[in-house]
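# Chain and residue survey
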Amino acid sequence: MIQINYNGDQISIDKNSTILSAIEQAILLRDESISLKGIAVVYNNKVLPRRLWTETVCQQSDELQVFQAVAGG
Amino acid sequence: MITDNDFMRYSRQILLPEVGEQGQLKINKASVVIIGVGGLGALVAHYLIAAGVGKIHLFDGDNVELSNLPRQLLFADEDIGQNKAETVADKLWTQYEKCEINVTNKHFDKQTLQEIDDTASVVIDCCDNFTARRSINQFCVEQEIALVSVAVANFNLQAMVYQPNVSGCYQCLYPESTQTAENCSTVGVLGPMVGIAASMQALLALKQILGLPNISGKLWHFDGINFNWFAAVLERDPECPVCSIIKCEEDSV
C-alpha cells in the first residue's frame with residue numbers, strides 16, 4: 001500500500017495503482033457517488049488529461065484533486 | 001480623448017495605475033461577445049457595460065423563467081417568457097445609452113457562431129452545457145480570440161482564460177470523453193455563487209481588454225462549501241484535437 005493525498009485527505013491505496021484505479025479506490029473508501037464520466041483530475045497541481053489516467057501510476061505522497069465538471073452559467 | 005463627463009464617470013477606474021486614461025480608452029473601444037445571458041451573462045454584461053465597454057454582442061435563445069429570478073437579478077416577474085438576450089439588452093441600454101448592444105436571440109449553434117464578430121477583443125462563455133462550450137472554444141482557438149470561460153453549479157466554480165498560442169484550451173480540460181457536467185438546473189445553485197463567478201469573469205475580461213497579466217494556463221477552482229481556492233496548471237495537451245495544431249509560443253522558445 002502507499003499513501004496519497006486525495007482531495008485534502010490522506011488515504012491508502014494499492015501500490016502501482018493507475019490514477020483511474022486510485023480514484024476508484026478513493027470513491028469506494030469514501031463512499032462517494034461520483035460519475036467518472038464527469039470529473040476533472042488534478043495530479044500534483046497539474047490538470048491531467050483524461051487519456052493519461054490509465055497510463056500514469058501513482059507514487060507515494062502524490063496529491064490528487066478530483067472534482068465534478070460543471071458547465072452551468 | 002476622454003470627455004470631461006467620462007473622466008468623472010470612470011474616475012475610480014482611471015485612478016488605478018493599471019487602467020489610467022489609456023486603459024479607459026481601451027475599455028471604451030473594446031468589442032465583447034457574451035454567449036449565454038443567464039446567471040453569469042447578465043451580470044457580466046452589466047459590469048462590462050457599466051465599466052464603459054463600447055460594444056457588446058449578447059447571444060441567448062432562452063426565455064426568462066420563474067426559477068431564474070433568485071439569481072438572475074436583472075429579470076423581474078414581468079419578464080417571464082421574454083427572450084433573455086433581448087431583455088438584458090433593453091434594460092442595460094436604458095441605463096447606459098453609449099454602449100452598442102447587439103442581440104442574437106437564438107440558441108447557440110454553428111449558424112449563430114458565424115455571427116460572432118471575429119475582431120472581438122474577448123469572447124465570454126456564460127452558457128450552460130458542454131456542447132456549446134466546446135464549440136465556442138474551437139471557434140476562439142481557430143479565430144485566435146481570447147476566451148474567458150467560467151462555469152458554476154452547486155458550490156463549484158471553475159474559471160479559465162484561453163489566450164491564443166499561449167495556453168491549454170477548454171478541450172484540453174474537458175475532452176469529448178468527459179460526457180457529463182452539472183449545471184444549475186440539475187444540481188441547484190445559490191445566487192451568490194453565481195455572483196462570485198460572474199464578478200470574476202467580468203474582472204478576467206477587463207484584465208484581458210487592458211492587456212494585464214491574466215490567468216491563462218491555469219484552471220481555478222473554488223469550493224464554496226469549504227471556501228477553498230486552488231489553481232492547477234492547465235498545459236496544452238499535445239494530443240488535443242482542437243489546439244494541438246496551433247503552435248505555442250513556449251514551443252518556439
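Residues numbered from 1 in each chain as written. Chains lettered and ligands numbered in written order. Predicted model: local features only at pLDDT ≥ 70, side-chain atom pairs only at ≥ 80, totals over all residues. Heavy atoms only, no water.

Chain B has the name HesA/MoeB/ThiF family protein in an unreviewed UniProt entry, where Parashewanella curva is given as its organism. Comment text from UniProt for chain B, heading Sequence similarities (unreviewed entry), reads "Belongs to the HesA/MoeB/ThiF family." (UniProt positions renumbered as here; feature names shortened; annotations may be inferred.)

The name given to chain A in an unreviewed UniProt entry is Sulfur carrier protein ThiS, and the organism recorded there is Parashewanella curva.

Residue and element names in this part refer to chain B. Applying the stated rule across the entire model yields 7 aromatic pairs over all chains. Between Phe-130 and Tyr-170, the ring centres sit 6.4 Å apart and the planes meet at 65°, which makes this aromatic pair edge-to-face. One end of the pair, Phe-130, is in helix H7 (residues 130-143); the other, Tyr-170, is in helix H8 (residues 170-173), and 40 residues separate them in sequence. For Tyr-170, a relative accessible area of 3% gives the class buried. (Phe/Tyr/Trp six-rings, centres within 6.5 Å; stacked < 30°, edge-to-face > 60°. Helix = DSSP H or I, 4+ residues; strand = E, 2+ residues; numbered from the N terminus. Buried < 20%, exposed > 50% of the residue type's maximum accessible area, 1.4 Å probe, protein only.)

This brings us to the pattern of salt bridges. With the rule as written, the count across this model stands at 11 salt bridges over all chains. For Lys-46 of chain A, the salt bridge identified is with Glu-235 of chain B, shortest N-O distance 3.2 Å. Note that Lys-46 of chain A is positioned in strand E4 (residues 46-47) and Glu-235 of chain B in the loop between strand E8 (228-233) and helix H11 (249-252), a pairing that runs across two chains. Given a relative accessible area of 38%, Lys-46 of chain A falls into the partly exposed group. Since its relative accessible area comes to 44%, Glu-235 of chain B is described here as partly exposed. Lys-91 of chain B is paired through a salt bridge with Asp-79 of chain B; the nearest N and O atoms lie 2.6 Å apart. Placement of Lys-91 of chain B in helix H5 (residues 84-95) and of Asp-79 of chain B in the loop between strand E2 (55-59) and H5 is noted, with a sequence separation of 12 residues between them. Judged by its relative accessible area of 26%, Lys-91 of chain B is partly exposed. Overall, the relative accessible area of 8% leaves Asp-79 of chain B in the buried class. (Salt bridge = Lys/Arg side-chain N within 4 Å of Asp/Glu carboxyl O.)

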